[in-house]
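Spelled out from the first residue to the last, the chains are:
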Amino acid sequence: LYERVYEEVLAVPVIKGDKTEGEKFAGAMKTMSVEAYIKGSSRAVQAATSHELGQGFAKMFEIAFEDEAGVKQIPFQNSWGMTTRSIGIMIMVHGDA
């Protein structure tokens, strides 16, 4: 979804991929992101991320729910983020000097 928003709405090309073990969100099982290239600085900027958190945070913060059978379950969680940074990225890509 992030890739489509950036490319189809903001007209900003991005590269999507998975973060390495060293780059992923602390405590996450997996972190995925889209990155945009900023020509003026010759650098990439992390444009948006999503994290598969598994059950670790739910266990740590004692988050639970009852399923249809009334049995207490620990949820699997995720975290998604696309912020106003998107506007800045769009300006850096399409703005002039």
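The structure this text deals with has already been given above.
Residues numbered from 1 in each chain as written. Predicted model: local features only at pLDDT ≥ 70, side-chain atom pairs only at ≥ 80, totals over all residues. Heavy atoms only, no water.

1. A word on the pairing of strand β2 (residues 30-38)
The side chains of a regular strand alternate, residue by residue, between the two faces of the sheet. As judged from the five bridges shared by strand β1 (residues 14-18) and β2, these two strands associate in the antiparallel manner. Counterpart to lysine 16 in the pairing with β2 is valine 34. Alignment of β2 against strand β3 (residues 43-54), held across nine bridges, turns out to be antiparallel. If you follow glutamate 35 over to β3, its bridge partner there is glutamine 46. Hairpin connection, β2 to β3: the antiparallel pair is bridged by four residues, and serine 42 has positive phi, about 55°. (Pairing = 2+ DSSP bridges. Helix = DSSP H or I, 4+ residues; strand = E, 2+ residues; numbered from the N terminus.)

2. Side note on the packing of aromatic side chains
Under the defined criterion, the tally for this structure stands at two aromatic pairs. Ring centres of tyrosine 2 and tryptophan 80 lie 6.1 Å apart, and the angle between their planes is 65°; on these two criteria the pair is classed as edge-to-face. Of this pair, tyrosine 2 sits in helix α1 (residues 2-9) while tryptophan 80 sits in strand β6 (residues 77-81), and the two are 78 residues apart along the sequence. Its relative accessible area of 12% is what places tyrosine 2 among the buried residues. (Phe/Tyr/Trp six-rings, centres within 6.5 Å; stacked < 30°, edge-to-face > 60°. Buried < 20%, exposed > 50% of the residue type's maximum accessible area, 1.4 Å probe, protein only.)

3. Brief notes about a nonpolar patch on the surface
On the surface, Met60, Phe61 and Ile63 cluster together into a nonpolar patch covering about 330 Å² of accessible area. Locating isoleucine 63 in the fold gives a position in the loop between α2 (56-60) and β4 (65-66). Assessed through its relative accessible area of 34%, isoleucine 63 is described here as partly exposed. (Patch = residues over 30% accessible without salt bridge, like charges linked within 9 Å, V, L, I, M, F, W, Y side chains within 5 Å. Areas by Shrake-Rupley, 256 points an atom, 1.4 Å probe, with all protein chains shown as cover. Salt bridge = Lys/Arg side-chain N within 4 Å of Asp/Glu carboxyl O.)

4. A short note on the layout of surface pockets
Computed from the structure, the largest pocket encloses a volume of approximately 190 Å³. Residue lining of the largest pocket: Leu1, Tyr2, Glu3, Arg4, Lys16, Gly17, Met32, Ser33, Val34, Ser50 and Trp80, and that is the complete set. Contributions of two or more residues to the lining of the largest pocket are made by α1, β1 and β2. For the lining of the largest pocket, the class distribution of residues is five nonpolar, three polar and three charged. Computed from the structure, the second largest pocket encloses a volume of approximately 150 Å³. Taken together, Pro13, Val14, Ile15, Glu35, Ala36, Tyr37, Ile38, Lys39, Ala44, Met92 and Val93 make up the full set of residues lining the second largest pocket. Across the lining of the second largest pocket, the residue classes break down as nine nonpolar, no polar and two charged. (1 Å grid on protein atoms, 1.4 Å probe; cavity = no way out; pocket = protein on both sides within 12 Å on 5 of 7 lines; lining within 4 Å. Points joined across faces, edges and corners; volume = space filled by probe spheres on them. Nonpolar A, V, L, I, M, F, W, Y, C, P; charged D, E, K, R; others polar.)

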